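Chains, contacts and geometry: an overview
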Amino acid sequence: MSVQRPSPLLSLAESRQRAKELLCWSAEQRLQVHVRLCEVFDRWRSDWGLSSPDSITGNPLTDRQAEDALALQLFGLPTAVSNLGSAYSESSVAQSIAKDAWVDWRSRLETILGGDAMWDDTPVAPGWTTWNGHLKIHLPWWNGTWSLDLPAKSVQLLLGGGQASKPVDLKGLPPLVSLGKAIAEESVRLDVQFKPISLTLGQIQALRFGDVVPINHRLENPIAVEIHKEDSAMHLLCYAWLGQRDGMVAVELTQ
């Protein structure tokens, strides 16, 4: 007795109800979000007496590195950023002030981004950030660039309390078809593998055109049919029997 397992795929009706809406921010909306965050950054920087950082560089900073760079900027320490932690004890006044400035910066961001929305650690798959409403903003920082990965709800707050995102334009796209039909015309490379043989280096060097090399694979034994995938590895597809059709060598596929 066989038990039929439920399909992991959603039905068409379920997909209409449960699939997430595609979100795509326009260039104007992305610029608006960036300007809003820069305004908050400049106000915080001015309140703490910090000079303007250099333009965006190609050196991305983690939160820890950004906090260390802030302390370095506040007190002009001659030591390297990586050694900053050993330059001050936990009780030092300078370290305490730098920590307060960092906490204040985070607090201001949380206020305009809706609580802890921006600290969502859910990984976002590359390529989908354009369509799920996430928006990555790069801010110039001291000794590098600090980036924010904003979820859709935070972007909507910055745009003024939930402005609708730019609808996805489906005009001109081909109609949806089943997966089987979509890949039906794709080419797939198949390799037929006989039982391997062993030859010495001398035998290989002595080979000439017209030589016949007997193999150990008997005709009554099946041969392996393997599929060549994008990772360049061969994967067993099925087994087959050697034969002929219309005067050509052929294989008959079997399970």
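Scroll up to find the structure this text is about.
Presented here is an overview of the structure given in this document. (Residues numbered from 1 in each chain as written. Predicted model: local features only at pLDDT ≥ 70, side-chain atom pairs only at ≥ 80, totals over all residues. Heavy atoms only, no water.)

1. Focus: the nonpolar core
V33, L37, W44, W105, W141 and L150 are the most contacted members of the largest nonpolar core, which has 30 residues in total. Mapped by element, the contributors of at least two residues to this core are helix 2 (27–47), helix 3 (63–75), helix 5 (93–113), strand 1 (135–141), strand 2 (144–150) and helix 6 (152–158). In terms of residues, this core owes the most to one element, helix 5, which gives six residues. (Core = buried A, V, L, I, M, F, W, Y, C linked by side-chain atoms within 4.5 Å. Buried < 20%, exposed > 50% of the residue type's maximum accessible area, 1.4 Å probe, protein only. Helix = DSSP H or I, 4+ residues; strand = E, 2+ residues; numbered from the N terminus.)

2. Overview of the packing of helix 3 against helix 5
Contact geometry of helix 3 with helix 5 gives a least axis separation of 9 Å together with a crossing angle of 125 degrees. Taken together, the axis directions place helix 3 and helix 5 in an arrangement best described as oblique. Handedness of the crossing formed by helix 3 with helix 5: right-handed. Each of D63, A66, E67, L70, A71, L74 and F75 in helix 3 lies in contact with helix 5, whose residues at this interface are A94, I97, A98, K99, A101, W102 and R106. Looking at side-chain class alone, the contact of helix 3 with helix 5 contains 10 nonpolar, no polar and four charged residues. (Axes fitted to C-alpha atoms, helices over the stretch in contact; angles between N-to-C directions. Parallel < 35°, antiparallel > 145°, perpendicular 65-115°, else oblique. Left-handed = near helix turned anticlockwise from the far one by under 90°. Contact = heavy atoms within 4.5 Å. Nonpolar A, V, L, I, M, F, W, Y, C, P; charged D, E, K, R; others polar.)

3. A look at helix 3
Compared with the 18 Å implied by 1.5 Å per residue over 13 residues, the 19 Å span of helix 3 between its first and last C-alpha is a close match. Looking only at helix 3, the buried set comprises A66, E67, D68, A69, L70, A71 and L72. (Expected span 1.5 Å × (residues − 1).)

4. Brief notes about the side chain of H134
Summarising the element assignment, H134 is placed in the loop between helix 5 and strand 1. Given the relative accessible area of 16%, H134 is considered buried.

5. Digging into helix 5
Side chains three or four residues apart in an α-helix point the same way, a direct result of the helix having 3.6 residues per turn. If you check helix 5, its first and last C-alpha atoms are 30 Å apart, about what 21 residues at 1.5 Å a residue would give, namely 30 Å. Of all the positions in helix 5, only A94, A98, A101, W102, W105, L109, I112 and L113 are classed as buried. Each buried residue of helix 5 lies within a common arc of 110 degrees when the element is viewed along its axis, so the set occupies one face. Seen from the open side of helix 5, the exposed residues pointing more than 90 degrees away from its buried face are V93 and T111. Where helix 5 is buried, its residues contact helix 2, helix 3, strand 1, strand 2 and helix 6. One or two positions beyond helix 5, positive phi appears at G114, with a value near 85 degrees. (Arc of directions from axis to C-beta.)

Interpretation note: all reported values are geometric properties and have no functional meaning in isolation.
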